[in-house]
Amino acid sequence: MNRYLDIAPEVKAALDAGKPVVALESTIISHGMPYPKNVQTALLVEQTIRENGAVPATIAVIGGRLKAGLSADEIEYLGKAGRKVAKASRRDLPALVARGADGATTVTTTMMIAHMAGIRIFATGGIGGVHRGAETTMDISADLEELAQTPVMVVCAGAKSILDLGLTLEYLETKGVPVIGYGTEELPAFYTRKSGFGVDYRVDSPEELAAMFRAQRGMNYKGGMLVTNPIPAEYAMDKAVIDAAIEQALREAAEQGVHGKETTPFLLARVVELTGGESLESNIQLVLNNARLAAKTAALLAD
Ligand code: PSU
Ligand code: MN
């Protein structure tokens, strides 16, 4: 066992008994949504995982400890601190641990810590990817590298078109990451159900998903699996509204010279500000939808 890792007692008991556990990230709490909706959502997502037969393990770095499973107080703390908490990607963990600091885990570090703890499935909203203009900026999210090397299934609602979705799929293909559409042949684009880009495989049940993941693990090769689950139709946004907000956010980021790890949080926050409560509600609903699918799949994998 890793000496820097703390597995919450309930999570540890479930893992030891072979019961289903679903990991959740904390950047979505601290950087992805405003307080107090972020905290309410994080707790509601945990409850949804439980209602669907699995134990939730929200992941973060607190006081230099890698945490698999947070208390409600710890979730409140991260949510209230918001963007003051460091966004922790792979390159940040050594510094945060050595200094006893706090960090909100991205998809990358949530996958890493889930894997250290023995958790195989992780539900979130959207992943990072290849940014638009990456052919000159080289801004490619570490999430894609992590999917290429860490054996965790990530259930998301696709990726936002703040990214270049076509290049993101090319990168995942190169790295050998299977991109699965749940009930769809098309990659969902987070707020909308369609992106115009195809996925690798469509599956229509948690049973099929569990079988594919089992086959991947059974062959013992490195890397994870990306499951893209479209937002429920009743919460999907108007493509023109969301596209306009994304274009404006991208323009502002370029004008203000935003770069590096700030790019994604800046774009996400501006899109939410520009589209108001509607996009926040869509965001919450798609995360709940992913939590349900991940919990059901985790339950099948545990059998
Ligand atoms: N995209 C979203 N919502 C998010 C993120 C991305 O639609 O919350 C967060 C996730 O934590 C993701 C991270 O892992 O941003 C990617 O950041 P970057 O692009 O800097 O790698
Ligand atoms: Mn980046």
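Now for a quick tour of the structure.

### A few points about the side chain of Glu 25
No. 1: Relative to the helices and strands, Glu 25 resides in the loop between β2 (21–24) and α2 (27–30).
No. 2: Here Ile 28 takes part through its backbone nitrogen, which lies 3.4 Å from a polar atom of the side chain of Glu 25.
No. 3: Here the side chain of Glu 25 touches Thr 124 through a polar contact of 2.5 Å, side chain to side chain.
No. 4: Discounting residues that sit within four places of it in the chain, Glu 25 has contacts with Thr 58, Ile 59, Thr 105, Thr 106, Val 107, Thr 110, Phe 122, Ala 123, Thr 124 and Gly 126.

### What to know about unusual backbone geometry
No. 1: Of the consecutive residues Tyr 35 and Pro 36, the connecting peptide bond is found in the cis state with omega at 5 degrees.
No. 2: Residue placement: Pro 36 occurs in the loop between α2 and α3 (37–51).
No. 3: One non-glycine residue, Asn 220, lies in the positive phi region at around 65 degrees.
No. 4: Residue position: Asn 220 is located in the loop between α10 (206–218) and β11 (225–228).
No. 5: Among the residues examined, Asn 220 registers a relative accessible area of 63% and is labelled exposed.

### Side note on the packing of helix α12 (residues 263–275) against helix α13 (residues 277–302)
No. 1: At a closest axis distance of 5 Å, the pairing of α12 and α13 adopts a crossing angle of 120 degrees. Taken as axis vectors, α12 and α13 run oblique relative to one another. Between α12 and α13, the contacting residues are Val 271, Val 272 and Thr 275 on the first element and Gly 277, Glu 278 and Ser 279 on the second.
No. 2: Of the residues in the contact of α12 with α13, the class split is two nonpolar, three polar and one charged.

### A closer look at the layout of surface pockets
No. 1: Estimates place the volume of the largest pocket at around 660 Å³.
No. 2: Lining the largest pocket are 35 residues, with Lys 87, Gly 128, Ser 141, Asp 143 and Thr 264 positioned closest to its centre.
No. 3: If you list the elements that add at least two residues to the lining of the largest pocket, you get α2, α8 (142–149) and α12.
No. 4: Looking at the lining of the largest pocket, the element that brings in the most residues is α12, giving five residues.
No. 5: For the lining of the largest pocket, the residue count by class is 13 nonpolar, 15 polar and seven charged.
No. 6: Within this model, the second largest pocket holds a volume of roughly 220 Å³.

Parameters at a glance
Residues numbered from 1 in each chain as written. Chains lettered and ligands numbered in written order. Predicted model: local features only at pLDDT ≥ 70, side-chain atom pairs only at ≥ 80, totals over all residues. Heavy atoms only, no water. Helix = DSSP H or I, 4+ residues; strand = E, 2+ residues; numbered from the N terminus. Polar contact = N/O pair within 3.5 Å; in protein donor to acceptor, adjacent residues only side chain to side chain. Contact = heavy atoms within 4.5 Å. Buried < 20%, exposed > 50% of the residue type's maximum accessible area, 1.4 Å probe, protein only. Axes fitted to C-alpha atoms, helices over the stretch in contact; angles between N-to-C directions. Parallel < 35°, antiparallel > 145°, perpendicular 65-115°, else oblique. Nonpolar A, V, L, I, M, F, W, Y, C, P; charged D, E, K, R; others polar. 1 Å grid on protein atoms, 1.4 Å probe; cavity = no way out; pocket = protein on both sides within 12 Å on 5 of 7 lines; lining within 4 Å. Points joined across faces, edges and corners; volume = space filled by probe spheres on them.

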